[in-house]
Amino acid sequence: GLQAELVTSYVSKDGPNLSAVKELDLRHFPMIKNGKITGIWFLLKYARDIKWLNIYHIDKKSYYWSKLYKFLNPKGHVYLKMDVDFRMCDDFEQNISRREVLQKCADAVDIISAESKSALRRVQPLVKKKIELIPNGYCVSNDTELASVKRKNVFLTVGRLGTKQKATENLLQAFALCADKIDWNLRLVGSVEESFKSYIEDFFNQNPSLRERIEFVGVISNRAAIDAEYRQAKVFVLPSRWESFGLVLPEAMANGCRLLATNVVPPIMELTNNGEFGLIVPPDDVETLAEAMIESTKLDYSE
């Protein structure tokens, strides 16, 4: 029942298509020097009109914004979504100053949440306020019966290809290790880092037989088109070195893919129901990833 707005300095109303969330409006607010100052200026102008202020991440600006908002609008409420990964948990546990920022942020807001049980177990002992567990969800936009979908022998990944976080090179190397043992192809959807393009060319020069079996699809912004990618694949692979949640994982699951992901994804045990719906591997272990890919091809996908 709330009128919701997403406020940003980075895109305009002509930017991303948010039509799937009909109650959400997009407001562009001009950047003033930096993000912290811009947020302060926005709140000085509009805090009194806001019933719930939703802020992301644990940092000093989140604390300053919360305190300023509460000062300007004492009857207002703040919800802080942590978007927490295991690296942040390490930081909070080992760095006193970072832990103090976490504690101040928790004290300043009405509701604070983590997205996974594993991260929540590590962060909750560090603060007095109860941290809520609110996982990220996915709005299903395709009502086609998954049982009627005819899938191909395809491994799929979706993301910012070639970044250190996504470890795309590990996926390519793992596929190269197991390609002779399986009759599957690999599709990679998303933008490709400029610095990674030379790596791709070197990889194909070293593995020329894989040019026909590995396809870099590019960016897909159309929801129906990305759903089609998920629905033609049998296994979704996320070889990341770190993630806060991995939004593509519930997207893939909602479209019927089994998962193959690294254990640095905080909610991976929940998403796979402790391995029932997917395989879990350590990061930066190409041989184990290749073995898991082979194992994935032996599963029954007829149901």
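Basis of the calculations
- Residues numbered from 1 in each chain as written.
- Predicted model: local features only at pLDDT ≥ 70, side-chain atom pairs only at ≥ 80, totals over all residues.
- Heavy atoms only, no water.
- Helix = DSSP H or I, 4+ residues; strand = E, 2+ residues; numbered from the N terminus.
- Rg over C-alpha atoms; globule rule 2.2 N^0.38 Å.
- Buried < 20%, exposed > 50% of the residue type's maximum accessible area, 1.4 Å probe, protein only.
- Polar contact = N/O pair within 3.5 Å; in protein donor to acceptor, adjacent residues only side chain to side chain.
- Contact = heavy atoms within 4.5 Å.
- Salt bridge = Lys/Arg side-chain N within 4 Å of Asp/Glu carboxyl O.
- 1 Å grid on protein atoms, 1.4 Å probe; cavity = no way out; pocket = protein on both sides within 12 Å on 5 of 7 lines; lining within 4 Å.
- Points joined across faces, edges and corners; volume = space filled by probe spheres on them.
- Nonpolar A, V, L, I, M, F, W, Y, C, P; charged D, E, K, R; others polar.
- Pairing = 2+ DSSP bridges.
- Axes fitted to C-alpha atoms, helices over the stretch in contact; angles between N-to-C directions.

Draft legend 1. How the structure looks around the overall build of the protein. Looking only at helices and strands, one finds 11 helices and 12 strands in the protein. Against the globule reference of 19 Å for 303 residues, the protein gives a C-alpha radius of gyration of 21 Å, in line with a compact fold. Taken along its principal axes, the extent of the C-alpha atoms in the protein is 65 × 45 × 40 Å. When each of the 303 residues of the protein is scored for burial, the buried share is 44%.

Draft legend 2. Region of interest: the side chain of Asn170. Inspection of the secondary structure assignment puts Asn170 in helix α6 (residues 168-178). With relative accessibility at 10%, the residue Asn170 sits in the buried group. Side chain to side chain, Asn170 and Asp284 meet in a polar contact 2.8 Å long. Those residues in contact with Asn170 that lie beyond four places of it in its chain are Arg241, Asp284, Val286 and Leu289.

Draft legend 3. A look at the pattern of salt bridges. Inspection of every chain in the model, using the stated rule, returns 18 salt bridges. The partner of Asp91 in a salt bridge is Arg98, with the nearest N and O atoms 3.0 Å apart. Owing to a relative accessible area of 29%, Asp91 belongs among the partly exposed residues under this scheme.

Draft legend 4. Structural detail: empty space enclosed by the protein. Summed over the entire model, instances satisfying the criterion amount to 2 cavities of 30 Å³ or more. Put simply, the largest cavity is a space of about 50 Å³. Lining the largest cavity we find Thr157, Val158, Gly159, Arg160, Leu161, Lys166, Thr168, Leu171, Leu238 and Pro239. Put simply, the parts of the chain that give the lining of the largest cavity at least two residues each are β7 (154-158) and α6. Grouping the amino acids of the lining of the largest cavity by side-chain chemistry returns 5 nonpolar, 3 polar and 2 charged. When its volume is computed, the second largest cavity comes out at roughly 40 Å³. The wall of the second largest cavity is formed by Asn170, Pro239, Thr262, Val281, Pro282, Pro283, Asp284, Asp285, Val286 and Leu289. Taken together, the residues of the lining of the second largest cavity sort by class into 6 nonpolar, 2 polar and 2 charged.

Draft legend 5. Region of interest: the sheet that holds strand β12 (residues 278-281). Strand order in the open sheet formed by 6 strands is β9-β8-β7-β10-β11-β12, with parallel pairing between adjacent strands. Of all the strands in the sheet, the pair left with one neighbour each is β9 (214-218) and β12. Sheet twist, expressed as the average angle between the axes of neighbouring strands with direction ignored, equals 20 degrees. Looking at chain direction, strand β10 (residues 235-238) and strand β11 (residues 258-262) are connected through 4 bridges and run parallel. Note that in β11 the partner of Leu238 across the bridge is Ala261.

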